[in-house]
Amino acid sequence: MASASREVVFVDGVRTPFGKAGSLYAETRADDLVVNCIRELMRRHPELPPERVDEVAVAATTQTGDQGLTIGRTAALLAGLPKSVPGFAIDRMCAGAMTAVTTTASGIAFGAYDVVVAGGVEHMGHHPMGQGIDPNPRIVAEKLVDQSALVMGSTAENLHDRYPAITRERADAFAVLSQQRVAQAYADGVIQESLVPVATRSATEGWGLATADEPPRPGTTAGGLARLRTPFRPHGRVTAGNAAGLNDGATAALLAAEDVATELGLPVAMRLVGFAFAGVDPEVMGVGPIPATEKALARAGLTIDDIGAFEINEAFAVQVLAFLDHFGLDAEDPRVNPYGGAIALGHPLASSGVRLMIHLARQFRERPEVRYGLTTMCIGLGMGGTVLWENPHFVGGEA
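What you see is a predicted model, and the numbers here were worked out from it, not measured in a lab.

A. Here's a closer look at the UniProt feature "domain: Thiolase C-terminal" (unreviewed entry) in the protein. Cross-referencing UniProt, the feature "domain: Thiolase C-terminal" (unreviewed entry) maps to residues 269-388 in the present numbering. From the first C-alpha to the last, residues 269-388 spans 13 Å; its make-up is 35% helix and 25% strand.

Take a look at the structure:
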């Protein structure tokens, strides 16, 4: 007989500094990036006996080479967890780490796990997006999707077509804001608290230590962005400045049943409320967070007005602006990505979902008047994912 559902909590999350693809981590293995994260989680929580970890789920979009071989299991072994701890790999493209969290959280709620590690890694320098894939030709030949659906930048241009009110100027302004907020978050020490230093090496530079994100460009201006070319369409609106870059990095989070967290003395940063994934037309995949959020809110009995903190992945500025316009939110709303986002920090595909959760947990800690928050992202091939969270520090006031 199945037991009653248990409360699932987000204990802690860490990540490597994000690098530009093939630059900072050119000679660093992908699996070593995520191993560093797992080790750091265990170091930060000596109250957690390693043998109490029930599962390690690690996502990667391109599951080959140094991010293949059932990376959840190999990373667990390399991180020094007991051999009794199992692991698996998972792929939902950009939402890989998000899905690693929701999948293992479901296991916790059901009673199959007590404590898990969930995260993701993407080394786009070693494994460029789409490397080695062999899409079935019927997908395009039978017009199951528009051919542009296979190029993420083209889907962003399509989204501009669908929402003509979202101009390049608005997208560039949002990109500048993201850069400014990341710079401020670094100045305030917000970003650094979740970063795991990574030893790096280079044939020309020798050994080094990565301690900060490589992609941010704090001096970015709207005038500078306006001069960038539009690689996906002549006279288009999507540029390298108003989109996330190609990046390398890894994330990992500790999740637990709330009663087990209490038993072990683990902190509770967030409480899981619910989640949803939704499909949309692949050629406008950036619209995915809208139906995913509506679905998650409806299932939880909440409305967008109940949400006091938002972490939206910035794959493209147009995708975030489409979400904000739909729900009547302002791009400069301090509840939305207050520490910046992927346009400035980078988006190592399968790892980004946990990065969003790390930032939301920080929002919750700083804003006890907020009860509910969400993390949401668009997903390649026409999907969106949203996870709803409750603030354990909530003391009343704003929903």
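B. Representation of the packing of aromatic side chains. For the structure shown, the criterion picks out 3 aromatic pairs. On the basis of an interplanar angle of 65 degrees and a centroid distance of 6.2 Å, the ring pair of F275 and F277 is categorised as edge-to-face. Residue F277 is classed as buried on the basis of its relative accessible area of 15%. Ring geometry for F323 and F327: centres 4.8 Å apart, planes at 55 degrees, overall tilted. Taken together, the positions of F323 and F327, both in helix α10 (residues 317-327) and 4 residues apart, correspond to about one turn of that helix. Comparing F323 with F327 shows no difference in burial state: the two are buried. Looking at R15, its charged tip hangs above the ring of F18, at a distance of 4.4 Å from the centre. For the cation-ring pair, R92 lies above F277, with the distance from its terminal atom to the ring centre recorded as 3.7 Å.

C. Examining the environment of F232 more closely. Within the element layout of this structure, F232 appears in the loop between α7 (222-226) and β8 (247-257). Judged by relative accessible area, which is 35%, F232 ranks as partly exposed. Residues F232 and V9, spaced 223 residues apart in sequence, show a C-alpha to C-alpha distance of 41 Å. If sequence neighbours within four positions are ignored, F232 has contacts with V151, G153, S154, E157 and V238.

D. Looking closely at the layout of surface pockets. Each pocket or cavity is described by its volume, and for the largest pocket that value is around 590 Å³. Lining the largest pocket are 28 residues, with A243, A244, G245, L246 and F316 positioned closest to its centre. Secondary-structure elements contributing two or more residues to the lining of the largest pocket are α5 (152-162) and α11 (342-345). Of the residues in the lining of the largest pocket, the class split is 20 nonpolar, 6 polar and 2 charged. Taken as a whole, the second largest pocket encloses approximately 460 Å³ of empty space. Lining the second largest pocket are 16 residues, and of these M93, G130, I133, L150 and L381 lie nearest its centre. Among the residues forming the lining of the second largest pocket, the class breakdown is 11 nonpolar, 4 polar and 1 charged.

E. Examining the pattern of salt bridges more closely. Following the criterion strictly, the structure yields 23 salt bridges and no others. Here E40 makes a salt bridge to R44, at a shortest N to O gap of 2.7 Å. A residue pair is termed a helical-turn pair when its members lie 3 or 4 positions apart in one helix, as E40 and R44 do in helix α1 (residues 30-44) at 4 residues. Judged by relative accessible area, R44 falls into the partly exposed class, the value being 27%. The partner of R168 in a salt bridge is D172, and the shortest N-O contact between them spans 3.5 Å. Taken as a pair, R168 and D172 lie in helix α6 (residues 168-187) at a separation of 4 residues, close to a single helical turn. The burial state of R168 is the same as that of D172; both residues are buried.

F. Here's a closer look at the UniProt feature "domain: Thiolase N-terminal" (unreviewed entry) in the protein. Feature annotation in UniProt assigns "domain: Thiolase N-terminal" (unreviewed entry) to the following positions: residues 8-259. Helix makes up 32% of residues 8-259 and strand 19%, and the two end C-alpha atoms of the span are 9 Å apart.

G. The pairing of strand β10 (residues 307-312), seen in detail. Counting buried positions over the 6 residues of β10 gives 6, a clear majority of the element. Where β10 meets strand β11 (residues 372-379), 5 bridges bridge the pair, whose relative direction is parallel. Considered in β11, the bridge of E311 is made with T375.

H. Structural detail: the packing of helix α3 (residues 96-110) against helix α12 (residues 352-366). α12 packs onto α3 with a crossing angle of 70 degrees between their chain directions and a minimal axis gap of 5 Å. Judged by the angle between their axes, α3 and α12 are roughly perpendicular. Taken together, the residues of α12 that come into contact with α3 (itself represented by A97, M98 and V101) are G353, V354 and M357. The residue inventory of the contact of α3 with α12, partitioned by class, reads 5 nonpolar, 1 polar and no charged.

I. α3, seen in detail. Taking 1.5 Å per residue as the helical rise, α3 with its 15 residues ought to reach 21 Å, and the 21 Å between its terminal C-alpha atoms agrees with that figure. Within α3, 12 of the 15 residues are buried, leaving the element largely enclosed by the surrounding structure. Residues of α3 that are buried: G96, A97, M98, T99, A100, V101, T102, T104, A105, G107, I108 and A109. Once α3 ends, the next one or two residues include G111, with phi positive near 105 degrees.

Definitions and cut-offs
- Residues numbered from 1 in each chain as written.
- Predicted model: local features only at pLDDT ≥ 70, side-chain atom pairs only at ≥ 80, totals over all residues.
- Heavy atoms only, no water.
- UniProt positions renumbered as here; feature names shortened; annotations may be inferred.
- Helix = DSSP H or I, 4+ residues; strand = E, 2+ residues; numbered from the N terminus.
- Phe/Tyr/Trp six-rings, centres within 6.5 Å; stacked < 30°, edge-to-face > 60°.
- Buried < 20%, exposed > 50% of the residue type's maximum accessible area, 1.4 Å probe, protein only.
- Lys NZ or Arg CZ within 6 Å of the ring centre and 35° of its normal.
- Contact = heavy atoms within 4.5 Å.
- 1 Å grid on protein atoms, 1.4 Å probe; cavity = no way out; pocket = protein on both sides within 12 Å on 5 of 7 lines; lining within 4 Å.
- Points joined across faces, edges and corners; volume = space filled by probe spheres on them.
- Nonpolar A, V, L, I, M, F, W, Y, C, P; charged D, E, K, R; others polar.
- Salt bridge = Lys/Arg side-chain N within 4 Å of Asp/Glu carboxyl O.
- Pairing = 2+ DSSP bridges.
- Axes fitted to C-alpha atoms, helices over the stretch in contact; angles between N-to-C directions.
- Parallel < 35°, antiparallel > 145°, perpendicular 65-115°, else oblique.
- Expected span 1.5 Å × (residues − 1).

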